[in-house]
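Chain by chain, the residues run as shown.
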Amino acid sequence: MSVDERMVHDIVQKVMANMQISGSVSGMHGVFKDMNDAINASIEAQKKVCTMTLDQREQIISLIRKKTHENAEILANMGVNETGMGNVGDKILKHHLTADKVPGTEDISTIAWSGDRGLTLVEMGPFGVIGAITPATNPSETVICNCIGMLAGGNTVVFNPHPNAKKTTIYTINMINEASIEAGGPDNIAVTVEAPTLDTSAIMMKHPSIHLLVATGGPGVVTAVLSSGKRAIGAGAGNPPVLVDETADIRKAAQDIVNGCTFDNNLPCIAEKEIVAVDSVADELMNYMISENGCYLASKEIQDKLVQTVFTPKGALNRKCVGRSAQTLLAMVGVNVGPEIRCIVFEGQKEHPLIAEELMMPILGMVRVKSFEEGVETAVWLEHGNRHSAHIHSKNVDHITTYARALDTAILVKNGPSYAALGFGGEGYCTFTIASRTGEGLTAAHSFTKSRRCTMSDSLCIR
Ligand code: NAD
């Protein structure tokens, strides 16, 4: 361990231990025992936020960005330490990406019509207090990303995080409120409770002062917010296939696919989860993945052992495998390899459980198909109608167009690793809340605002 690494390790241990020993987190800004108290504090903070100028909101956002850069290592370590998922190096990159590329107030624009009968504006105003539910897979990244966008829109936010990531979330929420206070803003622009549960979530969802809910997680939570009777943004599960056709640069495709799939141990919902390869290039692709990209080819016996390990007897995902490295997963089935092994690969039918299920771990099955057309059909089947993310490696624009139309997903990366869609080695802004089910796509400040028309009759037109 280097001196810097030891320092971060010590800070993380201290923060986690303090939270554990006291059993409470008093002294942390924005953290309450009771959900109703948290919501009330958020209501008070929002009364102040909505009177602030856009410039004042930007000053807070810019301090949030600064603190996110400064705390990237601590937050990454806390996330891995608390959830057991992902890897520190990639989580650090995700925090820098969040700090740099999540848009602020510039994302919100006004529409104007002027003419003989006056001037009409459509301005995007805040919903007020937003209720947000966040996943264990990107805990602090999602909280920071949501906070920047929601605050830019003039809102405050009440979080009900995944219980397995509550300490990381509490640390992040404290950091965000410190940024607000330092910039002259109010405390409690983001709040949460010490012990988030389904009950605290239900209180939040039912509260009459919360008019917008934002859920980032699996199908259960998205269905819960969509059944609440309130406006809801649902960023749900995916199972992104990546199709490789005969026109692709196969060597580059192998590298991009393994890089995308192994990023943060495959936790991002957009990451490549299975390959569909046209027969004529499938062997070459597999060879490049194994010979140049640190992939381990799993035999039938190892695949069977992985199925036994990765799923519980009832067929649910074993949380002890989610977000673990290929090295750890292989050790669980009795295979010892070094850290140079980044991904487990094999060839199988599309129905193979390690291919059909969204695993969120670096296991990449490849389905061989006779033709591009069969590949599209297979990829549509594997995506399970989530309409979330799909990727393709091809030089044929007709193939790319056909694939994009058939998959109909919020994200489609062509000839690159999946994370290019988050602005990491690709153009465009970053978000960790991709509203696949409700259609907002990659959420940003504008997603957290409501439309207000303001009309002046017969005046203010100076054309
Ligand atoms: P999860 O669904 O187990 O939990 C997500 C959040 O929802 C947690 O805070 C959890 O406590 C809460 N929750 C779960 N069921 C609930 C219910 N019935 N009522 C209220 N709250 C409920 O997911 P996870 O393991 O934390 O994250 C992984 C899942 O999230 C994957 O399916 C992944 O694809 C998805 N995800 C999607 C996006 C996106 O932007 N679309 C981003 C990250 C993760």
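How each quantity is defined
Residues numbered from 1 in each chain as written. Predicted model: local features only at pLDDT ≥ 70, side-chain atom pairs only at ≥ 80, totals over all residues. Helix = DSSP H or I, 4+ residues; strand = E, 2+ residues; numbered from the N terminus. Rg over C-alpha atoms; globule rule 2.2 N^0.38 Å. Buried ≥ 20, exposed ≤ 12 C-beta atoms within 10 Å, placed from the backbone. Contact = placed C-beta atoms within 7 Å. Near = placed C-beta within 6 Å. Nonpolar A, V, L, I, M, F, W, Y, C, P; charged D, E, K, R; others polar. Core = buried A, V, L, I, M, F, W, Y, C linked by C-beta atoms within 7 Å. Domains from an automatic or database assignment. pLDDT = per-residue confidence, 0-100. Pairing = 2+ DSSP bridges.

### Remarks on the overall build of the chain
Point 1. Across its full length, the chain holds 16 helices and 18 strands.
Point 2. A compact globule built from 463 residues would reach a C-alpha radius of gyration of about 23 Å, and the chain, at 23 Å, matches this within 12%.
Point 3. Overall, the C-alpha framework of the chain stretches about 70 × 65 × 40 Å when taken along its three principal axes.
Point 4. Across the 463 residues that make up the chain, the buried fraction comes to 52%.
Point 5. The contacts of the chain with a sequence gap of at least 6 include a subset with a gap of at least 24, amounting to 75%.

### Some thoughts on the site of the ligand
Point 1. Close to the ligand lie 26 residues; P135, G217, G218, A237 and C269 are nearest.
Point 2. When contributions to the shell around the ligand are tallied by element, the ones reaching two or more residues are β4 (129–134), α8 (198–206) and α9 (219–226).
Point 3. When grouped by side-chain class, the residues that make up the shell around the ligand number twelve nonpolar, 13 polar and one charged.

### Digging into the nonpolar core
Point 1. Counting residues in hydrophobic clusters, the biggest one holds 133 residues, and the most contacted among them are I130, C147, I344 and V345.
Point 2. Viewed by domain, this core spans two of them, domain 1 (3–236 + 441–453) and domain 2 (241–422), each represented by three or more residues.

### Side note on the confidence of the model for the chain
Detailed reading of predicted coordinates is not advised where the pLDDT is low.
Point 1. Here the chain averages 95 in pLDDT, while 95% of its residues score no lower than 70.
Point 2. Confidence drops under a pLDDT of 50 for residues 20–24, and excluding neighbours within four residues, the segment shows one contact in the predicted structure.
Point 3. Two numbers describe this predicted complex: its pTM, 0.95, and its ipTM, 0.99.

### Describing the pairing of strand β13 (residues 363–369)
Point 1. Judged by how many residues are buried, β13 sits mostly within the fold: seven of seven residues are covered.
Point 2. Of the two faces of β13, the one lined by I363, G365, V367 and V369 and the one lined by L364, M366 and R368 are each fully buried.
Point 3. Examined bridge by bridge, strand β10 (residues 274–278) and β13 share five bridges and lie parallel to one another. Pairing of A277 across the sheet is with R368, part of β13.
Point 4. Taken together, the four bridges between strand β12 (residues 343–347) and β13 define a ladder with parallel strand orientation. By the bridge assignment for β13, E347 is matched with M366.

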